[in-house]
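Each chain is listed here by its residues.
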Amino acid sequence: MGVVTFAIVVIAALFAIGSGFWVAIALVRAISRHQTTQNTYHPANDKSDHGDI
Amino acid sequence: MQTVLPVIVAAAYVVVLTFVALRARAARQFSEFSLARRALPLALVFGSLAATYVGPGFSIGFVGKGFKSGFLFLGIGLAYALQNILVGLLIAPRLRALKDCHTLGDAIGQKYDRRCQIVAGIISVSVCTFFAAVMAHAGGVVVSDVFGLPNWSSVIVVVGITALYTTFGGLRASVITDAFQFTAFAILLPVTLLVVLIFHIKGGAATFAGEAVTATAEGLDSTSLIEIVGLVAAFLLGETLIPPYANRALASRTTRISRNGFMLAGLFSVVWFIVMIALGVAARSILPSGTVEDRVLLNLVGSLTHGGGYALLLVVLVSVVMSSLDSLLNAGAVAFTEDIVKPFAKLPDEKALNVGRCATIVIAAIAMVVAPAVPSVIDGLLICYTIWASAILPALIIGLFIKRPHPLAGILSMGVGTFVAMSAIVFWFIFPSMIKAPAIIIPALGAALLAYALGHWLGRSKSGV
């Protein structure tokens, strides 16, 4: 029982760390893509509701 | 050296945060300020939702609960996970599907009428402001602990930095900085747990499991059934679709992302509660048994690491607070502009953006002033949950599901819900021994539902439908 509880806690911690890396990758993509969009900014596209952030 | 290293770590953190906030860039339109142009991808919706709900209550508070009550609070926390999953499945896609909707007030206005939108706006702004004050209070405690500053100046530092990037960048800056802050605490706090489990607990898995069983049994003995029911109700309903969450549902790129973002955030909350409670349980074999709940995480971190490491983890705790605070400031400002100002004045986009920015600053200033009066983080959050759940949820959820909701039902439900919740809170402040704080939500919510039913019946009789 003790080993099972311990294993669940360790798996939860690893899952949380994995989520942190997933969001970190999305963040890097978002800010680098945004910079590219900013450099090639076209007013006509500004009202788009569906571009990436 | 002992004071220089924390300052260097904190300064490095602020530099990186500023870099991330600058990359998010200032909002140029109100639609950017309020909804980030409805372009948020799944990972950012998820990260931002999780960063918003993981505030001081779900970090410092849960570690303290793990220390005192073991895994009892995991059972209560599951109600919160269930709430997020249900919102993702049933409500977020319906909200996202509404056209020209920036806030919950907008949604209520579309379903009922403009008066209901204004009332919902006033409640949203008030609740966001008080939530922000609770966050400012918690942030002040942590910063004052790291640098030994007076509490009032710590509150000013935390709220000032957060208000600065939220005022200029709006929702996009809030979401991008949330993602950065989420990354910091979602990696560092679980790593701290693993370090404690592997290197600091004598006896390993058996000792940990023994402490967990003992603490949970103590928690069950010291918590009455009515308290457990009240806590489950507060976790199930209290944070349901509070304005910052609703903004993220509305700002998702598609209805599918909106739904999946909430469901993933719900599943993550289970994992997060396990990690936080396990930190509290593990702390039982390291800290003295008389440690105050709100100090367990700070003292545990202090006993494991000193200098830069200690400062880094404390800065992560400040980021836990800031990621919730920025979302509340932005949501309150957007609700003020959209639900309180716009129904009375036709605002061109640029003016709406300026009103939103000014509102961010005013809400931040009020939060700073109110922060010292907040009784405690958990009590402050319970007050917000009680008012929000009773005042808004019946009108919002029923309105989204029935075909022709009556404005009278919406107004009565919001008015009675707010009145009963506020009265119960005042009663609790005057006679704290006569009523348990978590239980207040039950009569307040019941009264709001009854008022809704009465308003619906009266509305139908009046219109003859």
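Residues numbered from 1 in each chain as written. Chains lettered and ligands numbered in written order. Predicted model: local features only at pLDDT ≥ 70, side-chain atom pairs only at ≥ 80, totals over all residues.

1. Considerations on the overall build of chain B
Phase 1: Counting its regular elements, chain B contains 19 helices and zero strands.
Phase 2: Computed over its C-alpha atoms, the radius of gyration of chain B comes to 22 Å, within 12% of the 23 Å expected for a compact globule of 465 residues.
Phase 3: The dimensions of chain B, computed from C-alpha atoms along their principal axes, are 75 × 50 × 40 Å.
Phase 4: Per-residue burial for chain B yields a buried fraction of 62% across its 465 residues.
Phase 5: A separation of at least 24 residues holds for 85% of the contacts in chain B among residues at least 6 apart in sequence. (Helix = DSSP H or I, 4+ residues; strand = E, 2+ residues; numbered from the N terminus. Rg over C-alpha atoms; globule rule 2.2 N^0.38 Å. Buried ≥ 20, exposed ≤ 12 C-beta atoms within 10 Å, placed from the backbone. Contact = placed C-beta atoms within 7 Å.)

2. Points about the overall build of chain A
Phase 1: Of regular secondary structure, chain A possesses one helix and zero strands.
Phase 2: Counting every position in chain A, which comprises 53 residues, the buried fraction comes to 25%.

3. A few points about the nonpolar core
All names here are of chain B.
Phase 1: In this structure, Ala132, Ala136, Val275 and Leu279 are the most contacted members of the largest nonpolar core, which totals 192 residues.
Phase 2: It is helix α14 (residues 307–341) that contributes the most residues to this core, 20 residues altogether.
Phase 3: Once residues within four sequence positions are removed from consideration, Ala136 is found in contact with Val155, Val158, Val159, Leu325, Ala367, Met368 and Ala371. (Core = buried A, V, L, I, M, F, W, Y, C linked by C-beta atoms within 7 Å.)

4. What to know about the interface of chain B and chain A
Phase 1: Facing the 38 residues of chain B at the interface are 30 residues of chain A.
Phase 2: Elements represented by at least two residues in the side of chain B that touches chain A include exactly α1 (4–24), α3 (42–53), α8 (151–200), α9 (204–222) and α12 (255–283) of chain B.
Phase 3: In terms of residue count, the dominant contributor to the side of chain B that touches chain A is α8 of chain B (13 residues).
Phase 4: Each residue belonging to the side of chain B that touches chain A can be placed in one class, and the counts come to 30 nonpolar, two polar and six charged. (Nonpolar A, V, L, I, M, F, W, Y, C, P; charged D, E, K, R; others polar.)

5. Examining unusual backbone geometry
Residues and elements named next belong to chain B.
Phase 1: With a phi close to 55°, Arg37 is a non-glycine residue in the positive phi region.
Phase 2: Looking at the element boundaries, Arg37 is found in the loop between α2 (30–35) and α3.
Phase 3: Notably, Leu241 is not glycine yet its phi reads approximately 50°, a positive angle.
Phase 4: By the secondary structure assignment, Leu241 is in the loop between α10 (225–237) and α11 (243–251).

6. Notes on helix α19 (residues 441–463) of chain B
Phase 1: Compared with an ideal rise of 1.5 Å per residue, which puts 23 residues at 33 Å, α19 of chain B spans 33 Å between its outermost C-alpha atoms and is within 8% of the ideal.
Phase 2: Its buried side turned inward, α19 of chain B meets α10, α16 (377–391), α17 (393–401) and α18 (407–430) of chain B. (Expected span 1.5 Å × (residues − 1).)

7. Points about the environment of Thr18 of chain B
Residue and element names in this part refer to chain B.
Phase 1: Checked against the element boundaries, Thr18 lands in helix α1.
Phase 2: Classification of Thr18 by C-beta neighbours within 10 Å gives partly exposed; the count is 14.
Phase 3: When the C-alpha atoms of Thr18 and Thr177 are compared, they prove to be 8.9 Å apart, with 159 residues separating the residues in sequence.

8. Focus: the packing of helix α5 (residues 72–97) of chain B against α11 of chain B
All names here are of chain B.
Phase 1: Closest axis-to-axis distance for the α5/α11 pair is 8 Å, and the angle between their directions is 60°. Relative to α11, the element α5 lies oblique. Note on packing geometry: the crossing formed by α5 with α11 is right-handed. Here Ala92, Leu95 and Arg96 of α5 come into contact with α11, specifically with Ala246, Ala249 and Leu250.
Phase 2: Class assignment of the residues belonging to the contact of α5 with α11 gives a composition of five nonpolar, no polar and one charged. (Axes fitted to C-alpha atoms, helices over the stretch in contact; angles between N-to-C directions. Parallel < 35°, antiparallel > 145°, perpendicular 65-115°, else oblique. Left-handed = near helix turned anticlockwise from the far one by under 90°.)

9. Things to note about the confidence of the model for chain A
Phase 1: Taken over all residues, the pLDDT of chain A has a mean of 74, while the share at 70 or more is 60%.
Phase 2: This stretch, residues 38–50 of chain A, has a pLDDT under 50; its non-local contacts, to residues over four places away or in other chains, come to six contacts. (pLDDT = per-residue confidence, 0-100.)

10. Quick notes on the environment of Ala217 of chain B
All names here are of chain B.
Phase 1: Structurally, Ala217 is set in helix α9.
Phase 2: Since 13 C-beta atoms lie within 10 Å of it, Ala217 is described here as partly exposed.
Phase 3: The spacing of Ala217 and Leu72 is 145 residues in sequence and 8.3 Å in space, taken between C-alpha atoms.

11. So, the packing of α18 of chain B against α19 of chain B
All names here are of chain B.
Phase 1: Contact pair α18 / α19: the axes reach a minimum separation of 7 Å and the direction vectors enclose 155°. By the criterion of interaxial angle, the relationship of α18 to α19 is roughly antiparallel. As α18 packs across α19, the resulting crossing turns out to be right-handed. Mapping the contact onto sequence places Leu408, Ala409, Ile411, Leu412, Ser413, Val416, Gly417, Val420, Ala421 and Ala424 in α18 and Pro443, Ala444, Ala447, Ala448, Ala451, Tyr452, Leu454, Gly455, His456, Leu458 and Gly459 in α19.

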